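Remarks on the overall topology
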Amino acid sequence: MAASPLVYLPDPKLRLVSAPVERVDPETEALVQTMFDTMYDSSGIGLAAIQIGVAKRVVTIDLAGDEEKPQPLVFINPEIVKASEELQVYDEGCLSIPEYFEEVERPARVTVRSLDREGKPQEIEAEGLLAVCIQHEIDHLNGVLFIDHISRLKRDRVTKKFEKARAIGELPSFPKRDKRDRRAPEPVAS
Ligand code: K1U
Ligand code: ZN
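Residues numbered from 1 in each chain as written. Chains lettered and ligands numbered in written order. Predicted model: local features only at pLDDT ≥ 70, side-chain atom pairs only at ≥ 80, totals over all residues. Heavy atoms only, no water.

1. As for the overall build of the chain
Quick note on the threshold: A run of H or I in DSSP counts as a helix once it spans at least four residues, and a run of E counts as a strand once it spans at least two, with each numbered from the N terminus. Note that the radius of gyration is over C-alpha atoms, with the globule rule given as 2.2 Å times the number of residues to the power 0.38. Working definition: with a 1.4 Å probe on protein chains only, accessible area under 20% of the residue-type maximum means buried, over 50% means exposed, and in between means partly exposed. Throughout, a residue-residue contact means that at least one pair of heavy atoms, one from each residue, lies within 4.5 Å. Shrake-Rupley sampling with a 1.4 Å probe provides the accessible areas, and residues are treated as covered by the protein chains on show and by no other component. Asp and Glu are treated as the negative residues and Lys and Arg as the positive ones, with His and the ends of the chain left uncounted. By convention, the point assigned to a charge is CZ for Arg, NZ for Lys, CD for Glu and CG for Asp.
Secondary structure summary: the chain contains 3 helices and 8 strands in total. Counting helices and strands in the order they occur from the N terminus, the chain gives α-β-β-β-β-β-β-β-α-α-β. What you see for the chain is a C-alpha radius of gyration of 16 Å, in line with the 16 Å of a compact globule of 190 residues. Along the three orthogonal principal directions, the C-alpha set of the chain runs to about 45 × 40 × 35 Å. Across the 190 residues in the chain, those meeting the buried criterion constitute 43%. Residue pairs in contact within the chain that sit at least 24 positions apart in sequence constitute 66% of those at least 6 positions apart. Per element, the accessible surface of the chain, about 10,700 Å² overall, is 51% carbon and sulfur. Taking the 26 positively charged and 34 negatively charged side chains of the chain as two groups, their mean positions are separated by 5 Å.

2. Overview of the sheet that holds strand 3 (residues 73–83)
Strand pairs in the sheet, formed through backbone hydrogen bonds, run parallel or antiparallel to each other. What counts is decided by this rule: Criterion used throughout: strands pair if DSSP finds at least two bridges between them. Simply put, an axis is a line fit to the C-alpha atoms, just over the touching stretch for a helix, and the angle between two N-to-C directions goes from 0 to 180 degrees.
Pairing is antiparallel in the open sheet, where 5 strands are placed in the order 1-2-3-6-7. On the outer flanks of this sheet lie strand 1 (46–48) and strand 7 (121–127), each paired with one strand and no other. Put simply, the sheet's adjacent strands are angled 40° from each other on average, direction ignored. Packed on one face of the sheet, helix 1 (residues 26–41) meets strand 1, strand 2 (58–61) and strand 3 and runs near 40° to strand 2.

3. Side note on the site of ligand 1
Worth spelling out the cut-off: Note on terminology: near, applied to a residue and a molecule or strand, indicates that one of the residue's heavy atoms is within 4 Å of it. Residues adjacent in sequence count toward polar contacts only when both atoms are side-chain atoms; beyond that, a polar contact is any pair of N or O atoms within 3.5 Å, and within protein one must be able to donate a hydrogen and the other to accept it.
Around ligand 1, a shell composed of 17 residues is seen, among which Ile 45, Gly 46, Gln 51, Leu 95 and Glu 137 lie nearest. Between ligand 1 and the protein, one listed contact pairs an oxygen atom with a side-chain N or O atom of His 140 at 3.5 Å. The fraction of the free accessible surface of ligand 1 (520 Å²) that becomes covered by protein chains is 92%. Contributions of two or more residues to the shell around ligand 1 are made by strand 4 (87–92) and helix 2 (128–141). At 4 residues, helix 2 tops the list of elements feeding residues into the shell around ligand 1.

4. Looking at the UniProt feature "active site" (unreviewed entry) in the chain
For clarity, the cut-off: UniProt positions are given in the numbering used here, feature names are shortened, and annotations may be inferred rather than shown by experiment.
Feature annotation in UniProt assigns "active site" (unreviewed entry) to the following positions: Glu 137. By the secondary structure assignment, Glu 137 is in helix 2. Excluding residues that lie within four positions of it along the chain, Glu 137 makes contacts with Gly 46, Leu 47, Ala 48, Gln 51, Val 59 and Ile 61.

5. Re the coordination of the zinc ion (ligand 2)
Here is the rule we go by: Each metal site lists N, O and S donors within 2.8 Å (3.2 Å for Na, K and Ca). With water left out of the atoms, a site can look as if it is missing ligands.
Coordination of the zinc ion (ligand 2) by the protein is provided by Cys 94 (SG), His 136 (NE2) and His 140 (NE2), with metal-donor distances spanning 2.1 to 2.3 Å. Counting gaps between the donor residues of the zinc ion (ligand 2) yields the pattern C-x41-H-x3-H. Taken together, the positions of Cys 94 in the loop between strand 4 and strand 5 (102–107) and His 136 in helix 2 put the pair 42 residues apart, joining distant regions of the chain. Like His 136, Cys 94 is buried.

6. Overview of the environment of Ala 19
Residue placement: Ala 19 occurs in the segment before helix 1. With a relative accessible area of 38%, Ala 19 lands in the partly exposed category. Taking the C-alpha atoms as reference points, Ala 19 and Ala 131, separated by 112 residues in sequence, lie 22 Å from one another. Apart from residues lying up to four places away in sequence, Ala 19 is in contact with Ala 55, Lys 56 and Arg 57.

7. Side note on the side chain of Asp 62
As a reminder, the rule being used: Salt bridges are identified by distance alone: a Lys or Arg side-chain nitrogen within 4 Å of an Asp or Glu carboxyl oxygen.
Structurally, Asp 62 can be placed in the loop between strand 2 and strand 3. Nearest to the buried, unbridged Asp 62 among oppositely charged side chains is Arg 117, at 9.0 Å. Among the polar contacts listed, one links the side chain of Asp 62 to the side chain of Tyr 40, at a separation of 2.5 Å. A polar contact of 2.9 Å, which involves the side chain of Asp 62, links it to the backbone nitrogen of Gln 71. Setting aside residues no more than four positions away along its own chain, Asp 62 makes contact with Met 39, Tyr 40, Gly 44, Ile 45, Pro 70, Gln 71 and Pro 72.

In structure tokens form, the structure reads like this:
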């Protein structure tokens, strides 16, 4: 199967609240497959369906490194049913806001209920990078972007940069970052 084009800031689709999946059927499986193809193609660790223009509550994640066996995870209609008071901070990125990174604080541990790719109920307890990623993706399902968690000044600055670039049919460029520079999520002192 093939990857789909990504939706970029400031596309208004990114602000839509995605609809629940009523039935996990072959059409859902095809969407999941396209999402994995797109995510792996873009070297992402997660993707929400709206990032390829489909307003359905479907998330794919794979945290395995380049040299590791793939560990694909699928969350359909995911819901956070428990979140820790303890916070962690991570330098987040987004495939819809390429090459821009900022630190975001989120609960360090979350319990997430969803359906798997076969439509069976599943519940996971996530911490570390998985907790960061699943919260980032569930935000996408609700039309929320990681830049909504940073200062207004920074958000306005990055949004303007993407608006200007879009007007000339380009994506903005930022100083290049090496993946190896990334640190693990760090606890936030309470
Ligand atoms: O939803 C997305 O835009 C995908 C996003 C997921 C994400 C990354 C980092 C923190 C929170 C959520 C990405 O995959 S962006 C690519 C990226 O930042 C990354 C890639 C490999 C390892 C670590 C981060
Ligand atoms: Zn994102």
